[in-house]
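# What the coordinates show
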Amino acid sequence: MPDTITIIDDRTGKQVTVPITDNVFPASAVRELDPSLFIYDPAFMQTAACQSAITYLDGEAGILRYRGYPIEQLAEQSTYLEVAYLLLNGELPNATQLDQWKQDVTKHTFIHENMRKRFVDGFHYDAHPMGMLVSSIAALGTFYNDAKHIDDRGSRDKQILRLIAKMPTLAAMCYRFSAGLPFVYPDNNLSFPANFLNMMWKIGSYEVDPRLERAMDVLFILHADHEQNCGTTAMRVVGSSQADPYSAAASAASALYGPLHGGANEAVVRMLTEIGSMDEVPAFLNDVKSGKGHRLMGFGHRVYKNFDPRATIIKKTAEDVFEVTGRNPLLDIALKLEEVALSDDYFISRKLYPNVDFYSGLIYQALGFPVAMFTVLFAIPRTAGWLAHWQELLADKDQKISRPRQWYTGTGVRDYVPMTSR
Ligand code: CMC
């Protein structure tokens, strides 16, 4: 069988044959056929917008790999900083490289005092931490004028270090502001996750439980990248205009904020709290199915149509965390929801399974994080993924400024009507 596809324009009889490689064929075939012809593909359901060598995802088989390494192995054996290095550099670091990378990141954990004193202090007392984080990422860029030099490898590397290192500091700062607590400076003697937990929770003496430190690191690993999701696409689209990486990362974080994306874990906990008891589960699911109620948050995925491998790992991490913190009472409702939904034809026929957000919120809650911080916790590690894609985009000779076309459905030309005649 030939690995080609032939497209025939029935209006003219003209045809174009192009190769299919890895199940992808170039849209330039359509351009060749007729430059004024466009493909209507809302939400990019059938569009591969770039070539990428970072993350492999097979939704039917429930496979997720970073640079070829299965997520299960990374979650079991690696650390977030090692994974960040892997995503950005393509290979796992050796001991010397990892040591250097950790030192480099650690050197950049502090933020300019004005960020906190003048910028963050200006937020309204009840500002949502994710809204604060989005604006803080963009504001951070104003402290580094060299960030604009995206063609300079040295400058790019510096901004990458700064963003990865400062995200936990910004995140904890946003939380402490909301809680009215004094800011805790980074402690560069601690690991990446332990430093974050310390900045979050330190009041007087505080020691990070190593089991919770590890759980945090696993959650960071699981969220580090997920190929061309909404946030990463925002990063690439804004990055394609050659904006600095802080502006691009702020737009990626804005996309992540939405309840259909990174905001889903927050929505899951709110949903479970609203359901209130296991007895209410069937009635709640009936409302979901009839379309009367909300969607079943934490279920379904654009790509995973079998299971989300991250959800399986998270369920196990939840058990480890609950051993330390005690069981989250919402867990029973979540387990019941999962059990009933997975045996219901509505969910089976639509291939709707728990996604990463179904259980992550319960862990975050058990760790003491307020619901409003959940998406912030997602944004910290996803920064490595955003930056890996940004780097890849800048090196990709096929890329230009992102500029999709439209299918115009508005009115045709008409004459301006003066106010007196309307
Ligand atoms: N609950 C109930 N029905 C659902 C759900 C759900 N969670 N998700 C999809 N459906 C139904 C939907 O109504 C549609 O039914 P029908 O064919 O009868 O109209 C069918 O399933 C297909 O849904 P879709 O909206 O076309 O699917 P999509 O690929 O556009 O949406 C999704 C993917 C993740 C946005 C969606 O499943 C959803 O809204 N889930 C809940 C929110 C959520 O958990 N988001 C986190 C995603 S994972 C983390 C991340 O990547 O950010």
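The model shown is predicted, which means the values in this text are computed figures rather than measured ones.

Calculation notes
- Residues numbered from 1 in each chain as written.
- Predicted model: local features only at pLDDT ≥ 70, side-chain atom pairs only at ≥ 80, totals over all residues.
- Heavy atoms only, no water.
- Near = heavy atom within 4 Å.
- Polar contact = N/O pair within 3.5 Å; in protein donor to acceptor, adjacent residues only side chain to side chain.
- Areas by Shrake-Rupley, 256 points an atom, 1.4 Å probe, with all protein chains shown as cover.
- Nonpolar A, V, L, I, M, F, W, Y, C, P; charged D, E, K, R; others polar.
- Pairing = 2+ DSSP bridges.
- Helix = DSSP H or I, 4+ residues; strand = E, 2+ residues; numbered from the N terminus.
- Expected span 1.5 Å × (residues − 1).
- Bend = angle between axes of the 7 residues up to and from the residue.
- Buried < 20%, exposed > 50% of the residue type's maximum accessible area, 1.4 Å probe, protein only.
- Domains from an automatic or database assignment.
- Buried area = accessible area lost by both parts, 1.4 Å probe.
- Salt bridge = Lys/Arg side-chain N within 4 Å of Asp/Glu carboxyl O.
- Axes fitted to C-alpha atoms, helices over the stretch in contact; angles between N-to-C directions.
- Parallel < 35°, antiparallel > 145°, perpendicular 65-115°, else oblique.
- Left-handed = near helix turned anticlockwise from the far one by under 90°.
- Contact = heavy atoms within 4.5 Å.
- Core = buried A, V, L, I, M, F, W, Y, C linked by side-chain atoms within 4.5 Å.
- Lys, Arg positive; Asp, Glu negative; His and termini not counted.

## Looking at the site of the ligand
- Looking at the ligand, there are 19 residues lining it, with H261, R295, L296, G298 and R302 nearest.
- Take L260: an N or O atom from its main chain is 3.3 Å from a nitrogen atom of the ligand.
- Measuring from an oxygen atom of the ligand, one finds a side-chain N or O atom of R295 at 2.8 Å.
- Relative to its unbound accessible area of 940 Å², the ligand is 74% covered by the protein chains.
- Of the residues assigned to the shell around the ligand, the class counts are nine nonpolar, six polar and four charged.

## Regarding the pairing of strand β1 (residues 4-8)
- The pairing of β1 with strand β2 (residues 15-19) spans five bridges and is antiparallel. Its bridge partner lying in β2, T4 is registered against P19.
- Between the antiparallel neighbours β1 and β2 lie six residues, among them G13 with a positive phi of about 80°.

## Description of helix α18 (residues 374-395)
- Its 22 residues place the ends of α18 33 Å apart at the C-alpha level, agreeing with the 32 Å of an ideal helix rising 1.5 Å per residue.
- Largest kink in α18: about 45°, centred on R382.
- For α18, the tally of buried residues reaches 20 of 22 residues, placing the bulk of the element in the interior.

## So, the sheet that holds strand β4 (residues 63-66)
- Taken together, the three strands give an open sheet; going across it, the order is β3-β4-β5, and neighbouring strands pair in antiparallel fashion. Every other strand in the sheet has two partners, leaving β3 (55-58) and β5 (69-70) as the edge strands with one partner each.

## Here's the deal with the domain arrangement of the protein
- Taken domain by domain, the protein consists of domain 1 (4-57) and domain 2 (58-403).
- A combined buried area of about 1,400 Å² lies between domain 1 and domain 2, and 55% of that area is made up of carbon and sulfur atoms.
- If you sort the residues of domain 1 by the area they bury against domain 2, I54, Y56 and L57 come out on top, with a joint share of 53%.
- At the junction of domain 1 and domain 2, the tally comes to zero salt bridges.
- Counting across the interface, domain 1 meets domain 2 through seven residue pairs in polar contact (both at pLDDT 80 or more).
- The class makeup of the residues in the side of domain 1 that touches domain 2 is nine nonpolar, three polar and no charged.

## A closer look at the packing of helix α11 (residues 245-257) against α18
- Look at α11 against α18: their axes get within 10 Å of each other, and the N-to-C directions meet at 135°. Taken as axis vectors, α11 and α18 run oblique relative to one another. Two packed elements cross with a definite hand, and for α11 against α18 that hand is right-handed. Residues P245, A249, A252, A253, L256 and Y257 of α11 form the contact with α18, whose participating residues are T375, F378, A379, W386, L387 and W390.
- Split by residue class, the contact of α11 with α18 holds 11 nonpolar, one polar and no charged.

## Quick word on helix α9 (residues 210-222)
- For α9, with 13 residues, the first-to-last C-alpha span of 18 Å sits near the 18 Å given by 1.5 Å per residue.
- Of all the positions in α9, only L212, A215, M216, D217, V218, L219, F220, I221 and L222 are classed as buried.
- Capping of α9 at its N-terminal end is provided by D209; its side-chain oxygen lies 2.8 Å from the backbone amide nitrogen of R211.

## Focus: the nonpolar core
- Within the largest apolar cluster, 120 residues are counted, with the highest numbers of intra-cluster contacts made by I164 and F369.
- Sorting elements by how many residues they give to this core places helix α7 (residues 153-179) first, with 12 residues.
- Leaving out residues up to four positions away in the same chain, F369 has contacts with F196, L197, M200, W201, M216, Y364, F374 and L377.

## Details of the side chain of D225
- Secondary-structure assignment places D225 in the loop between α9 and α10 (230-239).
- An unpaired buried charge is present at D225: no salt bridge exists, and R382, the closest side chain of opposite charge, is 4.8 Å distant.
- Within the structure, the side chain of D225 is placed 2.6 Å from the side chain of T55, a separation counted as a polar contact.
- Among the polar contacts listed, one links the side chain of D225 to the side chain of H389, at a separation of 3.0 Å.
- Setting aside residues up to four positions removed in sequence, D225 forms contacts with I54, T55, Y66, L87, T232, R382, G385 and H389.

## Structural notes on the pattern of salt bridges
- With the rule as written, the count across this model stands at 18 salt bridges.
- K289 is the partner of D344 in a salt bridge, and the nearest nitrogen-oxygen pair spans 2.6 Å. Of this pair, D344 sits in the loop between α15 (330-342) and α16 (345-349) while K289 sits in helix α13 (residues 281-290), and the two are 55 residues apart along the sequence.
- For D344, a relative accessible area of 15% puts it in the buried group.
- What makes K289 partly exposed here is its relative accessible area of 30%.
- Through salt bridges that share partners, D9, R11 and D34 make up one connected network.

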